[in-house]
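Given next are the chains, with one letter for each unit.
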Amino acid sequence: MIHPTAIIDPAAKIAEGVKIGPYCIIEGDVSIDEGTILDSHVVIQGPTQIGKGNRFYPFGSIGAAPQDKKYAGEETRLIIGDNNTFRENVTINRGTIQDLKETRIGNDNWIMAGVHIAHDCIVGNHCIFANATALAGHVTVNDWAILGGYTLVHQFCQIGAHSFCGMGSVINQDVPDFVVVSGNLAIPRGINLEGLKRRGFTSEQINLIKKAYRSLYRTGNKLSDAIEQLQAFNDPSNTLSSLIQFLKNSNRGIVR
């Protein structure tokens, strides 16, 4: 399952059933679990840990040193979960000692061509990054978020769960759960109604999320007042709990 032109460091740990195509380069301190496929010309540097069933299309640079002038060769790492797809020319950097010392990618993400994920980013599960999306360092993207093509995210921003960022968005503040944003600079456009329906949110939950959106964006409330209102009308199933916690933890302020 390993093409004869591939160059693999003897210290790399390659599980049974991994397919490594032509001209791939795997450096030491890299582990790749079963079922993962590297098409061709993929470079993986370590320390990097890659889970099961991932697919890397040609010309990816995975686990390279961070693009951070403070980086001085410290041992940091990249951790990738299971069943992710990385299309052509994707670049993902390891972490820095100024943060968690690692960059983390969860499971079942769809990362399209030309995407850049910088040092110390944390990406959850079931996310979609369209072509040429770029995350600066220390960005967190929560589960089920979708970033449209050519989206740019400023360092230290957080992208909430089930949110949607339109094509060409420039994001310099946090995007709350469930919210659709677009523009340069990005502004709120509503809630991710279609996404919520597809993921099984009930009509009652969606109506509650709409109510939360109005409190955040249509009443002129201060953020602290909006958080109090959301806590007051949250339902027994805690539909708004993750949104409330997101707002409380926001350090850069939210897109408004």
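Residues numbered from 1 in each chain as written. Predicted model: local features only at pLDDT ≥ 70, side-chain atom pairs only at ≥ 80, totals over all residues. Heavy atoms only, no water.

A.B. asks: Would you take a moment to explain the overall build of the protein chain for this structure?
C.D. replies: A count of helical and extended segments in the protein chain gives four helices and 27 strands. Against the globule reference of 18 Å for 256 residues, the protein chain gives a C-alpha radius of gyration of 20 Å, in line with a compact fold. C-alpha extents for the protein chain along the principal axes are approximately 65 × 40 × 30 Å. Looking at the protein chain as a whole, 51% of its 256 residues qualify as buried. Relative to all contacts within the protein chain whose residues are 6 or more apart in sequence, the contacts with residues 24 or more apart total 31%. Averaged over its 23 positive side-chain charges, the protein chain has a centre that lies 9 Å from the centre of its 24 negative ones. (Helix = DSSP H or I, 4+ residues; strand = E, 2+ residues; numbered from the N terminus. Rg over C-alpha atoms; globule rule 2.2 N^0.38 Å. Buried < 20%, exposed > 50% of the residue type's maximum accessible area, 1.4 Å probe, protein only. Contact = heavy atoms within 4.5 Å. Lys, Arg positive; Asp, Glu negative; His and termini not counted. Charge placed at Lys NZ, Arg CZ, Asp CG, Glu CD.)

A.B. asks: Help me understand the packing of helix 2 (residues 203–217) against helix 3 (residues 223–233) in this model?
C.D. replies: Any two packed helices are characterised by the angle at which their axes cross and by the distance between the axes. Relative orientation of the contacting elements helix 2 and helix 3 amounts to 160 degrees, with a least axis distance of 9 Å. The angle between the axes of helix 2 and helix 3 places the two elements in the roughly antiparallel class. The handedness of the crossing between helix 2 and helix 3 comes out as right-handed. For the pair formed by helix 2 and helix 3, the contact residues are Leu208, Lys211, Ala212, Ser215 and Leu216 on the first element and Leu223, Ala226, Gln229, Leu230 and Phe233 on the second. The residue makeup of the contact of helix 2 with helix 3, split by class, is seven nonpolar, two polar and one charged. (Axes fitted to C-alpha atoms, helices over the stretch in contact; angles between N-to-C directions. Parallel < 35°, antiparallel > 145°, perpendicular 65-115°, else oblique. Left-handed = near helix turned anticlockwise from the far one by under 90°. Nonpolar A, V, L, I, M, F, W, Y, C, P; charged D, E, K, R; others polar.)

A.B. asks: It is not clear to me how the packing of aromatic side chains should be interpreted in this structure. Could you clarify?
C.D. replies: Aromatic rings in a pair are described by how distant their centres are and how their planes are angled relative to each other. With the rule as written, the count across this model stands at three aromatic pairs. Ring centres of phenylalanine 56 and phenylalanine 86 lie 4.8 Å apart, and the angle between their planes is 10 degrees; on these two criteria the pair is classed as stacked. Of this pair, phenylalanine 56 sits in strand 9 (residues 55–56) while phenylalanine 86 sits in strand 12 (residues 85–86), and the two are 30 residues apart along the sequence. Across the pair, exposure class does not vary: phenylalanine 56 and phenylalanine 86 are buried alike. Aromatic side chains tyrosine 213 and tyrosine 217 sit 4.7 Å apart centroid to centroid with 40 degrees between the ring planes, which places their arrangement in the tilted category. Here the residue tyrosine 213 and the residue tyrosine 217 both occupy positions in helix 2, the gap between them amounting to four residues, near one helical turn. For the pair formed by tyrosine 213 and tyrosine 217, the shared burial category is buried. Taking the ring centre of tyrosine 57 as reference, the NZ or CZ of arginine 87 above it sits at 3.8 Å. (Phe/Tyr/Trp six-rings, centres within 6.5 Å; stacked < 30°, edge-to-face > 60°. Lys NZ or Arg CZ within 6 Å of the ring centre and 35° of its normal.)

Functional significance is not addressed by these values, which are geometric in nature.
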